[in-house]
Amino acid sequence: MGHGHDSRGEPAFWHRPPTPHLTTLVSGIYGYRENGAAMRGLTEAASLAVPLIVNFGSPFRIGLGKAPTLADSYGSFAAGLFAGPIIMDSDGAAACIQINFTPLGGRLFFGLPMSELADRMVTVDDLADRGISQFARRLADLNSWEARLDLAEHFVGMRLGRASPANPAIHWAFCQLMRKGGDVRIGTLAEKLDWSRRRLVASFREEIGLAPKSVSRIIRFNAAQALAARGTAAGWADIAAACGYADQAHLTREFSLLAGCPPTAWRMDA
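These numbers come from a predicted model, not from an experiment. (Residues numbered from 1 in each chain as written. Predicted model: local features only at pLDDT ≥ 70, side-chain atom pairs only at ≥ 80, totals over all residues. Heavy atoms only, no water.)

## Observations concerning the pattern of salt bridges
Then, number 1: Counted according to the given criterion, the structure contains eight salt bridges.
Then, number 2: For the salt bridge of Arg107 with Glu207, the shortest nitrogen-to-oxygen distance reads 3.4 Å. One end of the pair, Arg107, is in helix α1 (residues 103-110); the other, Glu207, is in helix α7 (residues 197-207), with 100 residues separating them in the sequence.
Then, number 3: Among the residues examined, Arg107 registers a relative accessible area of 18% and is labelled buried.
Then, number 4: A salt bridge links Glu254 to Arg217, with the shortest nitrogen-to-oxygen separation between them at 2.7 Å. (Salt bridge = Lys/Arg side-chain N within 4 Å of Asp/Glu carboxyl O. Helix = DSSP H or I, 4+ residues; strand = E, 2+ residues; numbered from the N terminus. Buried < 20%, exposed > 50% of the residue type's maximum accessible area, 1.4 Å probe, protein only.)

## Re the sheet that holds strand β8 (residues 86-90)
Then, number 1: A sheet is described by the order of its strands in space; here four strands give the open sequence β3-β8-β5-β6, paired in antiparallel fashion. Lying at the two open borders of the sheet, with one neighbouring strand each, are β3 (39-44) and β6 (73-74).
Then, number 2: Sheet topology places β3 next to β8; four bridges connect them, and they run antiparallel. Bridge pairing in β8 links Thr43 to Ile87. (Pairing = 2+ DSSP bridges.)

## Here's the deal with the nonpolar core
Then, number 1: Residues Leu52, Ile99, Phe110 and Val215 are the most contacted members of the largest nonpolar core, which totals 70 residues.
Then, number 2: Excluding anything up to four places from it in sequence, Val215 contacts Leu48, Leu81, Phe174, Leu177, Phe204, Ile208 and Leu210.
Then, number 3: Listed in part, the 12 residues of the second largest apolar core include Met39, Phe60, Tyr74 and Ala94. (Core = buried A, V, L, I, M, F, W, Y, C linked by side-chain atoms within 4.5 Å. Contact = heavy atoms within 4.5 Å.)

## Description of the side chain of Ser216
Then, number 1: With respect to the helices and strands, Ser216 occurs in helix α8 (residues 212-230).
Then, number 2: Residue classification places Ser216 among the buried residues on the basis of a relative accessible area of 5%.
Then, number 3: Aside from chain neighbours lying at most four places away, what touches Ser216 is Leu177, Gly182 and Ile186.

Given below as structure tokens:
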């Protein structure tokens, strides 16, 4: 969903898929340069992407679950998971490299509890991470987008290669949720780990950023988006049933909360 750009030059995009051994940690590396077309009200629905954005141009204005104001301006920043729509504006002069990590990859790359990034944007300066700050400066010094993508790919691979191992229990629990499309009782996961629900929720927040119930909602919602985008389902009631919603009304409520609009409006703008 979202409104596009105005009639001036369309933005340019570059994409570098992750190397095969990093596909569970990184979903993609992107270059983006605006060519004068301002962005107004672009809405991104909730997802499991944990982005790092290094901006060489004008800042973005970003609102979590609301329209952004001038006070919501961000240049280079990292962000964690947010169970709601993200609304963005720009003045048409943004230029950035964006690295999208999976929640597990974000935990390894940033070396922080993901709860410190969840539901917010944190500027690169506030991260106080010398390696990331130096990386951002090196990216800005380059003039070639392919060279920037090369540097980003190399830096991400090196940093993830040196990272401490993930919490194996949470890694297992997260993978279970992904495999089952979010359709796993939290109590069942806790029982299999021989943990209390409270311990599982607290550990999930630290390693992933959100509680397992919120992560399950996003997984199920993303599955419904993907099924709708393929156009193979007969209708929203069928999509609701296939993705584990109680009924179509349940799916509609979740779309309103996670995409900022009902499913019919999301499909028209997708």
